[in-house]
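Descriptive analysis of the structure
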Amino acid sequence: MSGFGSVACRHFRPKTVRKPALLCVLLWVACWFLVNISIFIHKNIFAEYCTDQKSKGILGRLCLGYQQGLLTGDLCKDLCVTQTMVYKRCLYYDKGKKVIQADWNGQPIILKSKLEDFLSYDSLFLLDEQESRSIPEIDILVFTALEIKHSLGLEVKNVTAPQLWTKHLKDRRGSFSRAELASMWSLLQQEEYVFFQLLQDLSKHVLKMIGSCGHFYAVEYLTAGHAWHHNLFSLEELSPYSWHGSSSKALWQATNSIALSFLDLARHFENDFSHPLHLCDIKPENFAIRADLTVVAIDVDMAFFEPKMRDILEQNCTNDEDCSFFDCFSHCNLKTQRCRAERSNNNLQVICDKIFRPLFSPQLSEHRVRHPLQSQVYRAVKRCAELSKHGNVDKRTTGDTFSELYNLLKAGQREQ
């Protein structure tokens, strides 16, 4: 028995040793995995998180640059000296892009910049080449036009270029200082700034520019829409109107007014500029409404005029799926294996799909508006949203669809 016992012990001993060893290995792997996950989360989430401390630090460095004479702008004094502009909260921060809410003389505004630090932008090499003398205005206009072409894909005449300068710079007499030119150059490298500034006097459907300080520019404060909100846009936050406890008829008419403004935006962007303007990221969060229920595009990072849109779409492909650029679609030419430069859908169709479908959906909660015309409007919206399923959307079909929706919405507004 003793011999058998010793043999048995030798047979089973390795198993009793392996079990805790295996547990140790598994525990070590689990710890390693958790540590790396924590590092990943810290670097990719918390490092990009909006914090008051980080945001105030960015604005502090902006004011330090102003005090050192490196940058300037018509809002720098308010932010850095008189403090009539004060930080309120961070709204968005991702890969350097900063969106901050501030109070300016008691009014809420938004400060935006594509990059958080002034020195992160490319410098204007003319400043280094011509330190000893002022830069001719014609050179400034030429470089401005070239930067606009690079940003938006547009050929811009010299007479248009001064529109991109802030009021403070545009009204200035005499030569521009290094701080003024460096600040303006940092702004011109931000496509959204160029877009908003260029369309200030041409469209009511873009944010109003207020001013700038260094690489930060200020725009009007509007509450963005939300897909989860029962009306997409919060009417309760509008002033001077008060929608709390409003009748279903009043809410229906407000919904119609918002939809009509979207139709006006679609028509306006298609026809009223030198080139059609394509919106490739249409969702409630990228729009807001003013107190008069005018729809405003507040995020145009994915907005492109026709020349740049054609360059984006015309890529190599093997099927139509390769020719989709967010909400902008094209078709693949299988012979050349290149996407067609022409967009196959349009802004109106995507607005119908992404905005009007949920806005007029018959599957409504108890908080939503019901109206006799709602089903008819929704059927028209559904046809509009599915236009490109039958090929490219031609202008005649778009025009007929636009008229149908417009007439239905107007009829809903006229009903007492």
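Structure shown above.
Residue numbers restart at each chain and count upward from 1, following the sequence in its written direction. Reporting of local features is limited, given that this is a predicted model, to residues whose pLDDT is at least 70; pairs of side-chain atoms are given and counted only at 80 or more, and all residues count toward the totals for whole chains, interfaces and linings. Calculation of side-chain values draws on the structure's entire complement of heavy atoms; hydrogens and water are dropped beforehand.

Attention now goes to the packing of aromatic side chains. In summary, the pairing rule links any two rings of Phe, Tyr or Trp, Trp by its six-membered ring, whose centres are within 6.5 Å, and it sorts them by plane angle into stacked for under 30 degrees, edge-to-face for over 60 and tilted for everything else. Within this structure, the stated rule accounts for 14 aromatic pairs. Arranged with centres 6.1 Å apart and planes meeting at 40 degrees, the rings of Phe233 and Phe262 form a pair that is tilted. Linking Phe233 in the loop between β5 (216-220) and α9 (248-271) with Phe262 in helix α9, this pair joins segments that are 29 residues apart in sequence. When sorted by exposure, Phe233 lands in the same class as Phe262, which is buried. Through a chain of ring-to-ring contacts, three or more aromatic side chains come together here, namely Phe233, Trp252, Phe262, Phe287, Phe356 and Phe360. Each helix corresponds to a stretch of at least 4 residues labelled H or I by DSSP, and each strand to a stretch of at least 2 residues labelled E; elements are numbered beginning at the N terminus. For every residue, the accessible area (1.4 Å probe, protein chains only) is compared with the maximum for its type, and the residue is labelled buried under 20%, exposed over 50%, or partly exposed between those bounds.

Moving on, we come to the pattern of salt bridges. A carboxyl oxygen of Asp or Glu within 4 Å of a side-chain nitrogen of Lys or Arg is what we treat as a salt bridge. Counted under the stated rule, the structure contains 17 salt bridges. Glu386 serves as the salt-bridge partner of Lys382, at 3.2 Å between the closest nitrogen and oxygen. Each of Lys204, Asp264, Arg267 and Asp272 takes part in a single network of salt bridges with overlapping partners.

All right, on to the state of the cysteines then. Any pair of cysteine sulfurs within 2.5 Å is marked as a disulfide. Tallied over the full model, the rule gives seven disulfides. The residue that forms a disulfide with Cys76 is Cys213, at a sulfur-sulfur distance of 2.0 Å. Handedness here is read from the sign of the S-S torsion; for Cys76 and Cys213, about 105 degrees, the answer is right-handed. A residue pair is termed long-range when its members are at least 10 positions apart, and Cys76 in helix α3 (residues 76-80) and Cys213 in strand β4 (residues 209-213) qualify at 137 residues. The exposure classification of Cys76 matches that of Cys213, with both residues buried. The disulfide partner of Cys352 is Cys384, and the gap between their sulfur atoms is 2.1 Å. Its torsion about the S-S bond being 85 degrees, the disulfide of Cys352 and Cys384 is classed as right-handed. With a gap of 32 residues between them, Cys352 in helix α11 (residues 347-359) and Cys384 in helix α12 (residues 374-385) connect regions that are remote in the sequence. Judged by its relative accessible area of 0%, Cys384 falls in the buried class.

Counting 97 residues, the largest nonpolar core has Phe195, Phe262, Phe287, Phe356 and Phe360 as the members making the most contacts within it. Here this core takes eleven residues from α9, the largest share from any one element. By nonpolar core is meant a set of buried Ala, Val, Leu, Ile, Met, Phe, Trp, Tyr and Cys residues that side-chain atoms within 4.5 Å join together. Counting residues in each nonpolar core, the second largest holds seven residues, with Cys280, Met302, Phe304 and Cys328 among its members.

The next thing to look at is the pairing of strand β3 (residues 107-113). The buried fraction of β3 is high, at five of seven residues. Any two strands are treated as partners once DSSP identifies two or more bridges connecting them. Note that strand β2 (residues 97-104) and β3 share seven bridges and pair antiparallel. The residue bridging Asp103 from the neighbouring strand is Pro108, located in β3. What sits between β2 and β3 in their antiparallel hairpin is a turn of two residues, with Asn105 showing a positive phi close to 50 degrees. One ladder, built from four bridges, connects β3 with β5; its direction is antiparallel.

Before going further, it helps to spend a moment on α12. Helix length check: α12, at twelve residues, gives a terminal C-alpha distance of 16 Å against a target of 16 Å (1.5 Å per residue), a fit within 8%. Should any heavy atoms of two residues lie within 4.5 Å, those residues are considered in contact. The inward-facing, buried residues of α12 contact α9, α11 and α13 (395-414). In this scheme, a helix's expected span is set at 1.5 Å multiplied by one less than its residue total.

Position of Pro362 relative to the elements: it lies in the loop between α11 and α12. Exposure remark for Pro362: the relative accessible area of 33% places this residue in the partly exposed category.

This part covers unusual backbone geometry. In this structure, Gln83 is a non-glycine residue whose phi angle is positive, near 55 degrees. Among the structural elements, Gln83 can be located in the loop between α3 and β1 (85-94). Classification of Gln83 as exposed rests on a relative accessible area of 54%.

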